[in-house]
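# Residue-level structural notes
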Amino acid sequence: MANEFRPLIEILRDLKALALQKSSGFFFVVTEDNHSCTIRLRSGQIEDVVFSRHRSDEAVQLLAKVPAGRARFQADPAAAGAARVSLGEASLSWLMGGFEKSAATAAATPAAPRLGAVNVNVQGLSEEQRATIERIALNYLGPIAALLCDEALGVPGSIDRALVQIASNLPARDQEDQFLAEARAALGLRG
């Protein structure tokens, strides 16, 4: 994990090696155009991916478009324990070796993982999905996010209705659109 720019495929091989070693910590990637990506590992499991202001599957999709970057790993031995993965199966599969297949078919630029459509109402959300929505809302709304999420997710109906209700608390339309796109991507929804 050097400081010079290397092809993304080499960087992802380093990430895969850390996962196979059951490492815990933060894997940092900086792109040639100075964007950053942080991948959190816990006991070899990818727990979270953040690329610029995007999280989870959407962040992986953006990372997949990066041709090269620099990477560094910062170990965190205190992070051992059960991981809570909020990434979709397609994203996890791509990060853990699917990039090799993508590279073979698309030169050095891997294809972004495809997300499936998921039609679910708020009653069908798992605790993990609810926590994902709250975590994303926290980035946009601050400490009041937990209360607003509880309120929106406590009313029976579609998940999209709840997300729109949460987004309506944001001051600007572009922020609402960003929140909705990030939350829908994290849940695997198309919208």
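Residues numbered from 1 in each chain as written. Predicted model: local features only at pLDDT ≥ 70, side-chain atom pairs only at ≥ 80, totals over all residues. Heavy atoms only, no water.

## Re the pattern of salt bridges
A full pass over the atoms with the stated rule returns nine salt bridges. Of the charged contacts in the structure, one is a salt bridge between glutamate 47 and arginine 40, with a shortest N-O distance of 3.0 Å. Taking the shortest distance from any N to any O, the salt bridge between aspartate 177 and arginine 173 comes out at 3.3 Å. With aspartate 177 and arginine 173 both in helix α7 (residues 173-187) and four residues apart, this pair spans about one turn of that helix. Given a relative accessible area of 37%, aspartate 177 falls into the partly exposed group. (Salt bridge = Lys/Arg side-chain N within 4 Å of Asp/Glu carboxyl O. Helix = DSSP H or I, 4+ residues; strand = E, 2+ residues; numbered from the N terminus. Buried < 20%, exposed > 50% of the residue type's maximum accessible area, 1.4 Å probe, protein only.)

## Structural notes on the packing of aromatic side chains
A full pass over the atoms with the stated rule returns two aromatic pairs. A centroid spacing of 6.2 Å and a plane angle of 20° characterise the contact between phenylalanine 26 and phenylalanine 28, whose relative ring orientation is stacked. The exposure class of phenylalanine 28 is partly exposed, given its relative accessible area of 23%. A ring pair is formed by tyrosine 140 and phenylalanine 179, whose centres lie 5.7 Å apart and whose planes are at 80°; its orientation type is edge-to-face. Placement of the pair is tyrosine 140 in helix α4 (residues 127-141) and phenylalanine 179 in helix α7, with a sequence separation of 39 residues. By the burial criterion, tyrosine 140 is buried, and phenylalanine 179 matches it. One Lys or Arg, arginine 53, reaches over the ring of tyrosine 140 and ends 5.2 Å from the middle of that ring. (Phe/Tyr/Trp six-rings, centres within 6.5 Å; stacked < 30°, edge-to-face > 60°. Lys NZ or Arg CZ within 6 Å of the ring centre and 35° of its normal.)

## Notes on helix α6 (residues 159-167)
Along α6, the residues classified as buried are Ile159, Ala162, Leu163, Ile166 and Ala167. Projected down its long axis, α6 shows its buried positions confined to an angular sector of 135°, all on one face. On its buried face, α6 is in contact with α4, α5 (145-153) and α7. (Arc of directions from axis to C-beta. Contact = heavy atoms within 4.5 Å.)

## Observations concerning the packing of α6 against α7
The N-to-C vectors of α6 and α7 enclose an angle of 145°; their axes lie 9 Å apart at closest approach. α6 and α7 meet at a crossing whose hand is right-handed. In contact with Ile159, Asp160, Leu163, Val164, Ile166 and Ala167 of α6, α7 contributes Glu176, Phe179, Leu180, Ala183, Arg184 and Leu187. (Axes fitted to C-alpha atoms, helices over the stretch in contact; angles between N-to-C directions. Left-handed = near helix turned anticlockwise from the far one by under 90°.)

## A few points about the packing of α4 against α7
Look at α4 against α7: their axes get within 10 Å of each other, and the N-to-C directions meet at 155°. Taken together, the axis directions place α4 and α7 in an arrangement best described as roughly antiparallel. Both α4 and α7 take part in a crossing whose hand is right-handed. Contact residues: Gln129, Thr132, Ile133, Ile136, Ala137, Asn139 and Tyr140 in α4; Gln175, Gln178, Phe179, Glu182, Ala183, Ala186 and Leu187 in α7. Considered class by class, the residues forming the contact of α4 with α7 number eight nonpolar, five polar and one charged. (Parallel < 35°, antiparallel > 145°, perpendicular 65-115°, else oblique. Nonpolar A, V, L, I, M, F, W, Y, C, P; charged D, E, K, R; others polar.)

## Considering the sheet that holds strand β5 (residues 54-55)
On the basis of which strands lie adjacent, the open sheet formed by six strands has the order β1-β6-β2-β3-β4-β5 and antiparallel pairing. Of all the strands in the sheet, just β1 (6-7) and β5 have a single pairing partner and so form its edges. Relative to β5, strand β4 (residues 45-51) runs antiparallel, the two being bridged by two bridges. Directly across from phenylalanine 51, in β5, lies its bridge partner histidine 54. (Pairing = 2+ DSSP bridges.)

## With respect to the confidence of the model for the protein
Mean pLDDT for the protein: 80, with 81% of residues reaching 70 or above. By mean pLDDT, helix α3 (residues 89-105) is the weakest element of the protein at 68, and helix α1 (residues 8-20) is the strongest at 93. When the criterion is pLDDT under 50, residues 107-119 qualifies, and its contacts beyond four places in sequence or with other chains add up to 28 contacts. (pLDDT = per-residue confidence, 0-100.)

## Topic: the pairing of strand β2 (residues 25-31)
The pairing of β2 with strand β3 (residues 36-42) spans six bridges and is classified as antiparallel. Residue pairing for β3: valine 30 is matched across the bridge by serine 36. The sheet contact formed by β2 and strand β6 (residues 68-75) spans seven bridges and is antiparallel. Across the sheet, the residue bridging to phenylalanine 28 is arginine 72, located in β6.

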